[in-house]
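Observations on chain architecture
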Amino acid sequence: MTRTIMIQGTSSGAGKTTIVTALCRIFSNLGYSVAPFKSQNMSNFSYKDGFEISQAQAIQAIAARADISPHMNPILLKPLGNYQSNVVIQGKPFKKMSAKNYYEKFVLGKGIRVAMESFSYLKSKHDLIILEGAGSPAEINLQKYDIANMILAQKTHSPVILVSDIEKGGTFASIVGTMMLLSQKDQNLVRGFIINKFRGDKKLLEPGFRRIKQITSKSILGVMPLVDLELPNEDSLDNKIRLFRKQNKKKLDTEIEKLAKITLRNIDIKSVERLIQ
């Protein structure tokens, strides 16, 4: 039976991609056959090898020691400006679409069908799928069209870990606010939280941990420090543009191992593993 877990974030740039990359390597090291999966990604940083997907999922595949597949990112949106994007489906160009047409005419029909088709393909090849959400699951204006977060978590029966970026401030409010804007059904899928990009003494956060548990009944599973590894980034939120080059794979693998070791020191991996059992 294929197991799943999903990493979502309270915002774009919270660190979902980094956490998924780390978990792909950690669970590969534990003997799982792992594949990353992000149903819908918006990025102009892509990996091309007879097909095209976001470079983030290509790097996660390397972390998982899996063959890079177009099914790991079945829908790639390449922004053109003026609310237009080129849509790539399962690695192949599809068409240019406006945001309005994409949401109203594509995502809940062809979009979700394509996503689930690719997810089923990966399930047939691997025993653990680590899913990555996009943006925030609590964008209330987009929730009914959001096939990258809770709709997908429900369809794949995936427990969710929510990641929040503390560097920008307001992390406890963002966790609670995100939970309050989710339906009860979606709240039930969230099993815990990770605080990301922290600088300082974790003991200072303990009163916040207790209050979060009181309000949400969920626990903090770990606090990741702010780290600067030489990993290519996903999008323009990071001012340091780093692109994936196949000839740099050995160096990339070294950085992924460093990330995995940092994650093992700071996240309760045993609790994460229990969620996928």
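To start, this report covers the structure provided alongside it. (Residues numbered from 1 in each chain as written. Predicted model: local features only at pLDDT ≥ 70, side-chain atom pairs only at ≥ 80, totals over all residues. Heavy atoms only, no water.)

This paragraph deals with the nonpolar core. One finds Ile 19, Phe 27, Val 34, Ile 130, Val 190, Phe 193 and Ile 194 to be the most contacted residues of the largest nonpolar core, which totals 63 residues. Sorting elements by how many residues they give to this core places helix H1 (residues 16-29) first, with seven residues. Not counting chain neighbours up to four residues away, the residues in contact with Val 190 comprise Met 150, Val 160, Leu 162, Met 179, Leu 182 and Lys 218. Core analysis: the second largest hydrophobic core is formed by 12 residues, Ile 75, Ile 112, Val 114 and Tyr 145 among them. (Core = buried A, V, L, I, M, F, W, Y, C linked by side-chain atoms within 4.5 Å. Buried < 20%, exposed > 50% of the residue type's maximum accessible area, 1.4 Å probe, protein only. Helix = DSSP H or I, 4+ residues; strand = E, 2+ residues; numbered from the N terminus. Contact = heavy atoms within 4.5 Å.)

Glancing now at unusual backbone geometry. We note that Asn 82 has phi near 55 degrees; this positive angle belongs to a residue other than glycine. With respect to the helices, strands and loops of the structure, Asn 82 is situated in the loop between strand E6 (75-81) and strand E7 (84-89). Its identity as a non-glycine residue notwithstanding, Gln 90 has a phi of 45 degrees, on the positive side.

Further remarks concern the pattern of salt bridges. Once the charged atoms of two side chains with opposite charge are near each other, the side chains can pair. Applying the stated criterion across every chain, the model contains 10 salt bridges. Between Lys 38 and Glu 132 there is a salt bridge, with its nearest N and O atoms 3.1 Å apart. Remark: Glu 132 occurs in strand E9 (residues 128-132) and Lys 38 occurs in the loop between strand E2 (34-37) and strand E3 (40-42); sequence separation between them is 94 residues. For the pair Lys 38 and Glu 132, one class covers both residues: buried. (Salt bridge = Lys/Arg side-chain N within 4 Å of Asp/Glu carboxyl O.)

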